[in-house]
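Survey of secondary and tertiary structure
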Amino acid sequence: MNPTKISRVAWREFASTVLTKGFIIGALLTPVLIIVMISLVAVLAATKSEPDIRGEVAIIDPTGAVAPRLAERLSPEALAEAARERAERIAEALKDVSGGASGIAGGLGPSADSFPTLSVAELPVDSDEEAEKQRVREEAAVEDGRLALLILDEAALSPQPDGEQRQDMQIFVRPNLDDDVVSIVRDAAVDIIRDERYRIAGVDRDASRGLSSVNTGSARELTEDGGERDSLGGFQNFIAYGFMMLMLIPTFIGAQYLLTNAIEEKSSRVVEILLSAVSPMELMTGKVLGQMFVGLLIMLIYGGISVYALVTMLNDTVEPLTIGAMLVFFALAYFTFASFMAAVGSSVNELREAQSLIGPVMVPLMLPYGLGIFIADDPNSTFATISSFVPPIAPFMMMLRVASTEPPPLWQVGLAVAISAVTCYVAVWMAAKVFRVGLLMYGKPPNFRTLIKWIRMA
Amino acid sequence: MSDDAIFIQGLGKRFGAKIAVEDLDLVVPRGSLHGLIGPNGAGKTTTIRMVMSILFPDAGRLSVLGKKSAVESKDRIGYLPEERGVYRKMKVGAFLSHMAGLKGVTSNVSKKIDDWLERVELPDVKKKRCDELSKGMQQKIQFISSVIHEPELLILDEPFSGLDPVNMRLLRDLILEQHTKGVTVIFSTHVMIQAEQLCDHIVMIESGQKVLDNTLQEIRDRYDPKSIVFEPDAGVGPSPAERHAGVESVRQVSPGVFEAALHDDADRHAVMASVLEQTRARRVELRRPTLEDVFIEIVEQRSGGDVDRDELRAQLQDPAVGADTSEVTP
């Protein structure tokens, strides 16, 4: 094995994969595009300027106490004030989670600087409800027309009785009315009703709020090193799943590229020219290494973005040990799957013929997607423990457990590494034999029996 | 360890039940120009692949450039395989510099590529993608990739297949030039006439076995068919065979062309003079044995006469047959 030749083969493999339009668009531009899109949505949401909504809110109020105050609450000045308060509240709430995502926060609630212009019409208590609803329908397309009809129950101001549910208010609106407008109207009416109930009951509302509000802060985790941190709960397991995907996707992509590149070298008949300069083992090693660097590049791009996001937005840290474990498990998983794919690629003449052979590789590569969810939920269940020792999915499953909230004992990690290393060695050994024979075989596509024959032959 | 360029003893290789090469001995001295000939499927490519350590023999031993395997001397060997191609999407210059790099060329790579492209009359293709070139042009690129590292031993498997006559001559000159420089050249072909034009030493393989290994001159002497060809003027028939002393039989080989087989002890010049004396002829000549004749004769001897001569002859002439991909089925 000549390291210079291997590195030359690896470099060609890497360059011919990475320096293509497909890869640059697929692997490099996609994350950029995603970020641009997210920011764009945030910006659009923040600056959304809908056409001003103007119109009438009609109310049938048998209690007589709500309608007069509603006009006041829906006046432009009051609405502007309420919108501003709401935006501030949301921004405050989000700051805990995401530091500086106020752009997104702005998009979540009604915009602070755009609100509808509403007039309130109090209808007589004995109005024909159906006729008034009909007016909402008729004026659906009329500017300044009736937007909504509120019908209050006459008992709306008395407390909700125990047991049964009484409907205090019905709201009818024109089709497709902006949700923000509906909530503004509803919230205003509900708040007035609540206020009236407190007044009737003789309770000071502000005092009541002081009594019912209990602030605990979020749960803090006491870590082994004597520190403490905000509990991320299930989110940590989501991160663990992310780590697994971070090694699964590059494995998948690298293996795919190896398959197609090996087939291309074979079908273009360039392979024997290469074999005049390098041995089959050097060729395979170089190709597998080249694609590993492609995988690492993908990992670096997506992993880098993810870790950056974690650190900056969630103030979470990523243990260097976790990253180290990920690299080790990635290498083991990658070499296992990649060498198999290189072997398949070398043994067929075109991609179509490879389909029946790669099935058994694709299934184990798909399993972690599904199983991962269960394991992330309970990383130390019997099922999780066993599946993290089963080749060839052991590296993915163990990675998931290592990155979870409750990492497994060290001996289990060691055992998984040992099992994966043996699997990897066997896979590479068999693949090398198939690769050497397969490269020069043209004609009938092989099946598994032929592949096994080649392994024994070479 | 032999110091010959190639030394093979008792080489054998089988693919499942099929014997590809059997008990083959071969010595290619340094500096020689050897032709490895035989019909398709005779075992030429398998032998070459074993020499190149692409396949491994089941039996026998071999040494290449004094080393036990070509793996140890790959950078000193130039190899143009029969199954050849290029990276379709790579630029010609990048492909050649990749190949040169793989063969350990580190200095002046770009200059060497330019020089070679010039010599194969493709000066403007360096920036072109390989798949923009015709098949013949690609073949010249592949030839460059086999000589760019200035090898001591050049192995060419069916180098002429798929080339037009002009490029065939160009390639022949390039091969001869390498030979003159002292490079050991061994090339295989199933088209015997190409070997005849180029080689000084012929190795003939049939059904995995070596059936002939000699210089071209000695082969001609040994397989002298002892016959003369004559073409009488139009309207004049051949003179009866018995009129000439030493003639065994006369047969018509093509319209108006006859071949007279002579007795072993006949004086060929006397017969020719006698023919010219009695028949007005456009052409009277001593027939030189072609490699094709030699090959057919050997095959006939080996099989006890049970051979379809015409089919065999067609196989040895039609270059299109060589365009087929050879298939190795275990």
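Position labels on residues start from 1 in each chain and follow its written sequence. For naming, the first written chain is A and the first written ligand is 1, with later ones following in the order written. Totals for whole chains, interfaces and linings use every residue, but because this is a predicted model, local features are given only for residues with pLDDT of at least 70 and side-chain atom pairs only at 80 or more, for both listing and counting. Derived side-chain values reflect all non-hydrogen atoms in the structure, with water molecules and hydrogen atoms excluded from consideration.

1. Here we look at the packing of helix 15 (residues 394-402) of chain A against helix 16 (residues 410-438) of chain A
Residues and elements named next belong to chain A. For the pair helix 15 and helix 16, interaxial distance at closest approach is 9 Å and the crossing angle is 160 degrees. By the angle between their directions, the pair helix 15 and helix 16 is classed as roughly antiparallel. Every pair of crossing elements has a handedness; the one defined by helix 15 and helix 16 is left-handed. Judged by residue contacts, Ala394, Pro395, Met398, Arg401 and Val402 of helix 15 engage Gln412, Val413, Ala416 and Ser420 from helix 16. Per-class residue counts for the contact of helix 15 with helix 16 are six nonpolar, two polar and one charged. For helices, the fitted line uses only the C-alpha atoms of the stretch in contact; every axis is such a line through C-alpha atoms, and the angle between N-to-C directions lies from 0 to 180 degrees. Counting from the N terminus, the helices are the DSSP runs of H or I reaching at least four residues and the strands are the DSSP runs of E reaching at least two. Geometric relationships in this document are graded by angle, where less than 35 degrees denotes roughly parallel, more than 145 denotes roughly antiparallel, 65 to 115 denotes roughly perpendicular, and other angles denote oblique. Here is the rule for handedness: rotate from the far helix to the near one, and if that takes an anticlockwise turn smaller than a right angle the crossing is left-handed, while a clockwise turn gives right-handed. For this analysis, residues touch if any pair of their heavy atoms sits within 4.5 Å. Only Asp, Glu, Lys and Arg are considered charged, only Ala, Val, Leu, Ile, Met, Phe, Trp, Tyr, Cys and Pro nonpolar, and every remaining residue, Gly among them, polar.

2. Observations concerning the pattern of salt bridges
Residue and element names in this part refer to chain A. When a carboxyl oxygen of Asp or Glu is within 4 Å of a side-chain nitrogen of Lys or Arg, the pair counts as a salt bridge. All chains considered together, the criterion is met by 35 salt bridges over all chains. Asp144 serves as the salt-bridge partner of Arg54, at 3.6 Å between the closest nitrogen and oxygen. Taken as a pair, Arg54 in strand 1 (residues 54-60) and Asp144 in the loop between helix 6 (129-138) and strand 3 (146-152) lie far apart in primary sequence, 90 residues in all. Among the residues examined, Arg54 registers a relative accessible area of 36% and is labelled partly exposed. Between Glu265 and Lys287 there is a salt bridge, with its nearest N and O atoms 3.0 Å apart. Note that Glu265 is positioned in helix 9 (residues 234-267) and Lys287 in helix 11 (residues 280-314), a separation of 22 residues in sequence. Taken together, the salt bridges that share partners define one network made up of Arg69, Arg73, Asp191, Asp195, Glu196, Arg199 and Arg205. Each residue's exposure class comes from its accessible area (1.4 Å probe, protein chains only) as a fraction of the maximum for that residue type: buried when under 20%, exposed when over 50%, partly exposed otherwise.

3. Topic: the sheet that holds strand 8 (residues 201-206) of chain B
Strand pairing in a sheet relies on backbone hydrogen bonds. The paired strands run either parallel or antiparallel. All names here are of chain B. Two strands are said to pair when DSSP picks up at least two bridges between them. Read across the open sheet, the six strands follow the order 5-6-7-3-8-9; overall the sheet is mixed. What marks the edges here is a single partner per strand, and that holds for strand 5 (77-80) and strand 9 (209-215). For this sheet the average axis-to-axis angle between neighbouring strands, irrespective of direction, equals 15 degrees. Pairing of strand 8 with strand 9, which is carried by six bridges, proceeds in the antiparallel orientation. Looking at the pairing, His201 lines up with Thr215 of strand 9.

4. Concerning the interface of chain B and chain A
Listed per partner, the contact involves 28 residues of chain B and 26 residues of chain A. Simply put, the buried area is the total loss of 1.4 Å probe accessible area from both parts when two parts are fitted together. Roughly 2,700 Å² of surface becomes buried between chain B and chain A when both sides are summed, with 61% attributable to carbon and sulfur atoms. The partner of Arg49(B) in a salt bridge is Glu272(A), with the nearest N and O atoms 2.7 Å apart. Polar contact criterion, stated in full: a pair of N or O atoms within 3.5 Å, where within protein one must be able to donate a hydrogen and the other to accept it, and residues adjacent in sequence count only if both atoms are side-chain atoms. Between chain B and chain A we count 14 residue pairs in polar contact (both at pLDDT 80 or more) in total. Those elements that provide at least two residues to the side of chain B that touches chain A are helix 2 (92-102) and helix 4 (135-147) of chain B. In terms of residue count, the dominant contributor to the side of chain B that touches chain A is helix 2 of chain B (five residues).

5. Some words on the nonpolar core
The biggest cluster of nonpolar side chains holds 159 residues, and the ones touching the most others in it are Phe95(B), Ile155(B) and Met204(B). In terms of residues, this core owes the most to one element, helix 9 of chain A, which gives 13 residues. Counting residues in hydrophobic clusters, the runner-up holds 25 residues, among them Ala67(A), Leu74(A), Leu152(A) and Val185(A). The set of buried Ala, Val, Leu, Ile, Met, Phe, Trp, Tyr and Cys residues whose side-chain atoms join them within 4.5 Å is what this entry labels a nonpolar core.

6. Some remarks on the packing of helix 2 of chain B against helix 4 of chain B
Residues and elements named next belong to chain B. At a closest axis distance of 9 Å, the pairing of helix 2 and helix 4 adopts a crossing angle of 30 degrees. Taken together, the axes of helix 2 and helix 4 are roughly parallel relative to one another. Here helix 2 and helix 4 pass one another in a crossing that is right-handed. On helix 4, the residues that touch Val92, Phe95, Leu96 and Met99 of helix 2 are Ile141, Ile144 and Ser145. Its residues assigned to classes, the contact of helix 2 with helix 4 shows six nonpolar, one polar and no charged.

7. Structural notes on the domain arrangement of chain A
Start and end points for every domain follow an automatic or database-based domain assignment. Domain annotation of chain A identifies domain 1 (52-206) and domain 2 (230-457). Computed over C-alpha atoms, the centres of domain 1 of chain A and domain 2 of chain A are 56 Å apart.

8. A closer look at the packing of aromatic side chains
Pairing of aromatic rings covers Phe, Tyr and Trp, the last through its six-membered ring, and needs centres within 6.5 Å; plane angles under 30 degrees mean stacked, over 60 mean edge-to-face, and all others mean tilted. One pass over the full model with this rule turns up nine aromatic pairs over all chains. Taken together, a centroid distance of 5.7 Å and an interplanar angle of 65 degrees make the contact between Tyr334(A) and Phe335(A) edge-to-face. Since its relative accessible area comes to 0%, Tyr334(A) is described here as buried. Relative to Phe143(B), the ring of Trp116(B) has its centre 6.3 Å away and its plane inclined at 75 degrees; by these criteria the two rings are edge-to-face. With a gap of 27 residues between them, Trp116(B) in helix 3 (residues 109-119) and Phe143(B) in helix 4 connect regions that are remote in the sequence. Both a distance and an angle decide whether a charge sits over a ring: NZ of Lys or CZ of Arg must be within 6 Å of the ring centre and within 35 degrees of the ring normal. Stacked on the ring of Trp116(B), the Lys or Arg Arg119(B) has its end atom at 4.3 Å from the ring centre.

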